Every structure is written in structure tokens, then in C-alpha cells.
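Below, each chain spelled out in residue letters.
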Amino acid sequence: MIFNDINTNNNNSSKNLAKIDQYICDINNVIGKICKEQILKAIDDRGVDILTEGDIKSVYDTTIISVIHKFITISNECEKIYLQECYRAGKEAGKLR
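Predicted model, so just to flag it, every value in this text is computed and none were measured.

Caption draft 1: Seen up close, the overall build of the protein chain. A tally of regular secondary structure across the protein chain gives two helices and zero strands. Taking all 97 residues of the protein chain together, 16% fall into the buried category. Long-range pairs, those at least 24 residues apart, make up 80% of the contacts in the protein chain with a sequence separation of at least 6. As presented, the protein chain carries roughly 7,400 Å² of accessible surface, and 61% of it is formed by carbon and sulfur atoms.

Caption draft 2: Fine view of the environment of glutamine 84. With respect to the helices and strands, glutamine 84 occurs in helix H2 (residues 53–96). For glutamine 84, a relative accessible area of 39% corresponds to the partly exposed category. C-alpha of glutamine 84 to C-alpha of serine 13: the two residues are 71 residues apart in sequence and 9.4 Å apart in space.

Caption draft 3: How the structure looks around the nonpolar core. Counting residues in each nonpolar core, the largest one holds five residues, listed as Tyr23, Ile27, Val67, Ile74 and Ile81. Taken together, the elements giving at least two residues each to this core come down to helix H1 (2–46) and H2. The element contributing the most residues to this core is H2, with three residues. What isoleucine 27 contacts, discounting residues up to four positions off in sequence, is Val67, Lys70, Phe71 and Ile74.

Conventions used here
- Every residue gets a number counted from 1 within its own chain, in the order that chain's sequence is written.
- The model is predicted, so local features are restricted to residues of pLDDT at least 70 and side-chain atom pairs to those at 80 or more, both for listing and for counting; the totals for chains, interfaces and linings are taken over all residues.
- Side-chain measures were taken over the full set of non-hydrogen atoms in the model, leaving aside hydrogen atoms and water.
- Here a strand is any run of E in DSSP of at least two residues, a helix any run of H or I of at least four, and the numbering for each starts at the N terminus.
- Burial classification: accessible surface area is computed with a 1.4 Å probe over protein chains only, and a residue below 20% of its type maximum counts as buried, one above 50% as exposed, and the rest as partly exposed.
- Should any heavy atoms of two residues lie within 4.5 Å, those residues are considered in contact.
- Here the accessible surface of atoms and residues is derived via Shrake-Rupley with a 1.4 Å probe, and residues count as covered only by protein chains that are part of the display.
- We call a set of buried residues a nonpolar core when its members are Ala, Val, Leu, Ile, Met, Phe, Trp, Tyr or Cys and they connect through side-chain atoms within 4.5 Å of each other.

Set out below in C-alpha cells:
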């Protein structure tokens with residue numbers, strides 16, 4: 001019975017770690033998407049293919065703001081997962097005593 005609980009908890013932990021990996025991929029995707037969108041917008045707005053230092057700075061600023069927002073959201077989700085894992089580990093420790 002204890003081994004079944006441990007396997008179940010290991011599966012849950014693996015799923016939770018996979019969620020965190022997905023969140024990291026989401027951050028990378030957001031950065032790439034925003035940079036592409038902002039660069040295309042800058043090119044369209046000016047009607048040229050050459051970006052200035054100001055254009056790049058604008059892309060960077062927009063990306064950083066979006067990444068910070070996404071990071072806060074993901075950090076909150078990761079904290080929930082971490083607390084769930086700690087709770088499960090405490091329950092398992094109690095069973096083993």
C-alpha cells in the first residue's frame with residue numbers, strides 16, 4: 001500500500017515538474033513572439049527594413065515588460081506546485097513514521 005502511494009506521488013511530482021518545464025518553454029515562446037511582433041510592427045510603421053537603435057530598445061522594453069508579467073504568473077503557479085509537493089512529502093513522512 002505504501003509503495004502504491006509513493007508511485008502515485010512520484011507520478012504527480014513528474015507531472016508537476018513537467019508543468020514547470022512547460023512554463024519555461026512558455027516564457028521562451030513569449031519572448032520570441034513579442035520580439036518578432038515588435039520588429040515587424042516597427043518595420044511596417046516606418047516602411048523600411050532597417051531598424052534603428054531606438055527600434056531595438058523599444059522591442060527590448062516591450063519584451064521585458066511582457067516577460068516580467070508572464071514570469072510573475074508562472075512564479076505563482078510554481079509556488080502552488082511547490083507547496084503541494086511539500087504537503088505530499090509531509091504526509092508521506094508521517095506515514096513512514
